[in-house]
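# Notes for the structure review
Spelled out from the first residue to the last, the chains are:
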Amino acid sequence: MIRVTVNQCKMLFRSPWRKIEDIGEYAETLGFEEESYLDLFQAVMELDKKYRVPVLLFYYERYSTAEIASILKIPEKTVSTRLFRAKAKLKNYLKEE
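Each chain has its residues counted from 1, following the order in which its sequence is written. Local features are withheld for residues below a pLDDT of 70 in this predicted model, meaning they are given only at 70 or higher, and side-chain atom pairs are given and counted only at 80 or more; totals for whole chains, interfaces and linings count all residues. Hydrogens and waters are ignored; side-chain quantities use all the structure's heavy atoms.

### Some points on the side chain of Thr65
Examined against the element boundaries, Thr65 turns out to sit in helix H5 (residues 65-72). Sequence-distant contacts of Thr65, defined by excluding residues within four places in its chain, comprise Phe58, Glu76, Val79, Ser80 and Leu83. Only DSSP runs of H or I covering at least 4 residues are called helices, and only runs of E covering at least 2 are called strands; the numbering of each starts at the N terminus. A contact between two residues is defined here by any heavy atoms of the two lying within 4.5 Å.

Printed below as a string of structure tokens:
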């Protein structure tokens, strides 16, 4: 029974439904006021998930760090650290362009 479960999980991860979306086409369809907003959106979407989610919740959804911590079930200090590191990564990414 366990072996069957493991094999089914492996098949699920190989499934064609589990593909990673290319956000390039999606970002172009969005109506941004300035070109720099498009670059910023693409930079945010390039971040790892652990950095991207707090950034989107904090800046786009306007949640506080305490609310984000309760949503993600992580300490508030961890949220602050991830936001700080994400801003540094975004700054470096946007300077390179």
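### A word on the packing of H5 against helix H6 (residues 76-96)
Lines fitted to C-alpha atoms define the axes, with helix axes restricted to the stretch in contact, and inter-axis angles between N-to-C directions lie between 0 and 180 degrees. With their axes 8 Å apart at the nearest point, H5 and H6 run at an angle of 110 degrees to one another. Between H5 and H6, the angle is such that the two are roughly perpendicular. Touching Thr65, Ala66, Ile68 and Ala69 of H5 are Glu76, Val79, Ser80 and Leu83, all from H6. Looking at side-chain class alone, the contact of H5 with H6 contains 5 nonpolar, 2 polar and 1 charged residues. Under this scheme an angle from 65 to 115 degrees is roughly perpendicular, one under 35 degrees roughly parallel, and one over 145 degrees roughly antiparallel; angles in between are oblique. Each residue receives one of three labels: charged for Asp, Glu, Lys and Arg, nonpolar for Ala, Val, Leu, Ile, Met, Phe, Trp, Tyr, Cys and Pro, and polar for the others, Gly being one of them.

### Regarding the packing of aromatic side chains
Any pair of Phe, Tyr and Trp rings, taking the six-membered ring for Trp, is counted once the centres come within 6.5 Å. Such a pair is stacked with planes under 30 degrees apart, edge-to-face with planes over 60 apart, and tilted for the rest. For the structure shown, the criterion picks out 1 aromatic pair. Taking 4.8 Å as the distance between ring centres and 85 degrees as the angle between the ring planes, the aromatic pair formed by Phe58 and Tyr59 counts as edge-to-face. On the basis of relative accessible area, Phe58 is assigned to the partly exposed category, the value being 27%. Only protein chains enter the accessibility calculation, which uses a 1.4 Å probe. A residue is then buried if its area is under 20% of the maximum for its type, exposed if over 50%, and partly exposed in between. Of the residues examined, Tyr59 reaches a relative accessible area of 36% and is grouped as partly exposed.

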